[in-house]
Amino acid sequence: MPDTPDAPQSDPPQLGLRERKKQRTRRAIHDAAMTLFAERGYDHVTMAEIARAADVAPATVFTHYASKEDLVWELRHEANERLRTALRSRAPEIGVLAAVKEWQQEMYRYYVQTPEQVERSRTFSRLLREYPTLWTRSVGFMYERQNLLTELLVEHYPQADRFQLEIAAAQIAGAVQAAQVRYQGDLAAGMGKDELLARADARSEQVYEQLARGLAEVL
């Protein structure tokens, strides 16, 4: 397995100069925060310290992030947008579950493309285990993804019973979360990249085979 895989096929469209600059600033703030969290712990870092580490004004930090929790959960927006793009751009012969599976496997690799990303992902995974408030917030984000999946399933199956699609979305979101938790546990434990991804891929096979059996009459 190569150390630096190709970028996911669901890459977002090219952005203008102003938006790219905004994203660079946002990423610099996030990276500074995760470095400080790794060094000193979540509770012992302030937003002002994050601003200094990122070499920006405190107001700039709050322009991008309302709180430290938002900093920790920065990448969820990108993951959801990649999921949206993956399902909307899938080829007709590729089923919904196959597209979700491919998205999740691509995200596993995306989170660990470089040594810096590996460390950032390890820090994130450890923060979730050490700070219950951060873990509790993840429940709301799972519901957020469930709603996104419902929206996308309704687009693909406009004639289907909406409630059935809502149930399917809940099952898919729950399965994605269960696999993600195991992946994060391996990251937090310090597992090497190759083994980490091999285990994640093996779980994906289990997850989506089970989903396919359970949702055969719906999707």
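Scroll up for the structure.
Residues numbered from 1 in each chain as written. Predicted model: local features only at pLDDT ≥ 70, side-chain atom pairs only at ≥ 80, totals over all residues. Heavy atoms only, no water.

Secondary structure assignment for the chain yields ten helices and zero strands. Walking the chain from its N terminus toward its C terminus, one meets helices and strands in the order α-α-α-α-α-α-α-α-α-α. Expected size for 219 residues packed as a compact globule is a radius of gyration near 17 Å; at 18 Å, the chain falls within 12% of this value. Reported as C-alpha extents along the three principal axes, the dimensions of the chain are approximately 55 × 35 × 35 Å. The buried share of the chain, taken over its 219 residues, is 44%. Across the chain, every contact between residues at least 6 apart in sequence was considered, and the portion connecting residues at least 24 apart equals 75%. Carbon and sulfur atoms form 52% of the exposed surface of the chain, whose accessible area is close to 11,800 Å². Separation between the mean location of the 29 positive side-chain charges and that of the 32 negative ones in the chain comes to 4 Å. (Helix = DSSP H or I, 4+ residues; strand = E, 2+ residues; numbered from the N terminus. Rg over C-alpha atoms; globule rule 2.2 N^0.38 Å. Buried < 20%, exposed > 50% of the residue type's maximum accessible area, 1.4 Å probe, protein only. Contact = heavy atoms within 4.5 Å. Areas by Shrake-Rupley, 256 points an atom, 1.4 Å probe, with all protein chains shown as cover. Lys, Arg positive; Asp, Glu negative; His and termini not counted. Charge placed at Lys NZ, Arg CZ, Asp CG, Glu CD.)

The next subject is unusual backbone geometry. Keep in mind that most residues, glycine aside, have a negative phi and that most peptide bonds are trans. Positive phi outside glycine occurs at Asp55, with the angle close to 60 degrees. Positionally, Asp55 belongs in the loop between helix 2 (47–54) and helix 3 (58–64). Take Asp55: its relative accessible area is 72%, and that puts it in the exposed class.

Moving on: the packing of aromatic side chains. Here the structure, examined in full by the defined rule, presents seven aromatic pairs. Consider the rings of Tyr111 and Tyr183, whose centres lie 6.5 Å apart with planes at 40 degrees: the pair is tilted. Residue Tyr111 is found in the loop between helix 6 (96–110) and helix 7 (115–130), and its partner Tyr183 is found in helix 9 (residues 162–188); the two are separated by 72 residues along the sequence. For Tyr111, a relative accessible area of 13% translates into the label buried. An aromatic cluster is present here, built from Tyr108, Tyr110, Tyr111 and Tyr183 joined pairwise through their rings. Note that Arg26 overlies the ring of Tyr65, its terminal NZ or CZ placed 4.4 Å from the centroid. In this structure, Arg82 packs its charged tip against the face of Tyr110, placed 4.5 Å from the ring centre. (Phe/Tyr/Trp six-rings, centres within 6.5 Å; stacked < 30°, edge-to-face > 60°. Lys NZ or Arg CZ within 6 Å of the ring centre and 35° of its normal.)

This next bit is on the environment of Val139. Mapping Val139 onto the fold places it in helix 8 (residues 132–156). Owing to a relative accessible area of 52%, Val139 belongs among the exposed residues under this scheme.

For helix 1 (residues 17–40), with 24 residues, the first-to-last C-alpha span of 35 Å sits near the 34 Å given by 1.5 Å per residue. For helix 1, the complete set of buried residues consists of Ile29, His30, Ala32, Ala33, Met34, Leu36 and Phe37. For helix 1, the elements touching its buried residues are helix 2, helix 3, helix 4 (68–72) and helix 7. Just downstream of helix 1, Gly41 is the residue with a positive phi angle, here 90 degrees. (Expected span 1.5 Å × (residues − 1).)

So, to be careful, I would describe these as geometric facts and stop short of saying anything about function.
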